[in-house]
Amino acid sequence: MRIGVLRVSLNRLSGSVPSELGACTNLTILTFGQNQFTGTLPSTLANLTQLEVLYSTDNAMEIGDLPSFIWNMTTLEYLGLGKLEVTGSIPTHVGQLRKLTQLHLQGNDFLRTTIPSELGQLTNLTSLSLELNRLGGSIPSTLGNLHRLRTFHLEVNQLTGNLPTEFGQLKSLRTLMIWGNRLEGIIPQQVCNLWDGNLTRLADPRCTAIAYGGLQCLNRPCCHECPTYPVISEPQGSNRP
């Protein structure tokens, strides 16, 4: 079939995602998010070798492990698989999707699995959403390679260890959300230095017990201590709305 674009999001559609979609081999954009689909992603989607956008976020599906065929869709530029009851782990094969500019896997259940270092190979990413996933372990320093990244959500996981100093290389970053984790140590000066550039949101600007996910300020210029936890400080001359 010669259909190139199919957008059916926000339509209260239900039932299973039709396997017949795999016959639409000219598709470059396929969006069916924010419906009431159940089941999983049909394996026939592997036939969509020209797909650039796949958006299925926020359905009633129970995906289980992420389908292996996704990691062969090397033409993808946008992948949205949030809130789909995905379990298991984020596989190392994610590093094969080198054309991705946006990756959204938020609101799943990667219980105590770790963030693969191969995510650092996706150097075209501008937006990365991994929040609300119960991810554990440390944050890979390889994510400092994502020099085009503008928005990075890691909040409300179970991440431990330090915030990598390599994050100071993310010169395009405007939003970095890390609250609600189990991090330790001090916010790196390299990250605070971004606050004088493009970075306008760091952690949670409210004085809450999880504002920085366990990190301390220690007189860093980009934040100050609350009674028992740190909170962001407004930089001088800021143009924040």
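None of the values given here were measured: they were computed from a predicted structure. (Residues numbered from 1 in each chain as written. Predicted model: local features only at pLDDT ≥ 70, side-chain atom pairs only at ≥ 80, totals over all residues. Heavy atoms only, no water.)

Draft legend 1. Just the overall build of the protein, in detail. Across its full length, the protein holds 1 helix and 16 strands. Within the protein, the proportion of its 241 residues that are buried is 48%. In the protein, of all internal contacts separated by at least 6 residues, the share reaching a separation of at least 24 is 54%. By element, 46% of the accessible surface of the protein is carried by carbon and sulfur atoms, the whole surface being about 11,200 Å². (Helix = DSSP H or I, 4+ residues; strand = E, 2+ residues; numbered from the N terminus. Buried < 20%, exposed > 50% of the residue type's maximum accessible area, 1.4 Å probe, protein only. Contact = heavy atoms within 4.5 Å. Areas by Shrake-Rupley, 256 points an atom, 1.4 Å probe, with all protein chains shown as cover.)

Draft legend 2. Spotlight on the nonpolar core. Counting residues in each nonpolar core, the largest one holds 60 residues, and the members touching the most others are Leu30, Leu41, Leu79, Leu103, Leu130, Phe152 and Phe167. If near-sequence neighbours (up to four positions away) are discounted, Leu130 is found in contact with Ile90, Leu105, Ile115, Leu119, Leu135, His153, Leu154 and Asn157. (Core = buried A, V, L, I, M, F, W, Y, C linked by side-chain atoms within 4.5 Å.)

Draft legend 3. Representation of the pairing of strand E11 (residues 158–161). Pairing geometry for strand E9 (residues 136–137) and E11, over 2 bridges, is parallel. Bridged to Gly136 within E11 is Gln158. Both E11 and strand E13 (residues 182–183) contribute to a ladder of 2 bridges, which runs parallel. What sits directly across from Gly161, in E13, is Leu183. (Pairing = 2+ DSSP bridges.)

Draft legend 4. Summary view of the side chain of Thr31. By the secondary structure assignment, Thr31 is in strand E3 (residues 29–31). What makes Thr31 buried here is its relative accessible area of 8%. With residues up to four places along the chain from it excluded, the contact list for Thr31 reads Leu6, Arg7, Val8, Ser9, Val53 and Tyr55.

Draft legend 5. Molecular detail of the packing of aromatic side chains. The full count for this structure, using the stated rule, is 3 aromatic pairs. Ring centres of Phe32 and Phe37 lie 5.8 Å apart, and the angle between their planes is 90 degrees; on these two criteria the pair is classed as edge-to-face. The exposure classification of Phe32 matches that of Phe37, with both residues buried. Aromatic side chains Tyr55 and Tyr78 sit 6.2 Å apart centroid to centroid with 65 degrees between the ring planes, which places their arrangement in the edge-to-face category. With Tyr55 in strand E5 (residues 53–55) and Tyr78 in strand E6 (residues 78–80), this residue pair connects regions lying 23 residues apart in the sequence. (Phe/Tyr/Trp six-rings, centres within 6.5 Å; stacked < 30°, edge-to-face > 60°.)

Draft legend 6. The sheet that holds E11, seen in detail. Spatially, 3 strands are ordered E9-E11-E13 in an open sheet, and the strand pairing comes out parallel. The open sheet is flanked by E9 and E13, the only strands paired with a single partner.

Functional significance is not addressed by these values, which are geometric in nature.
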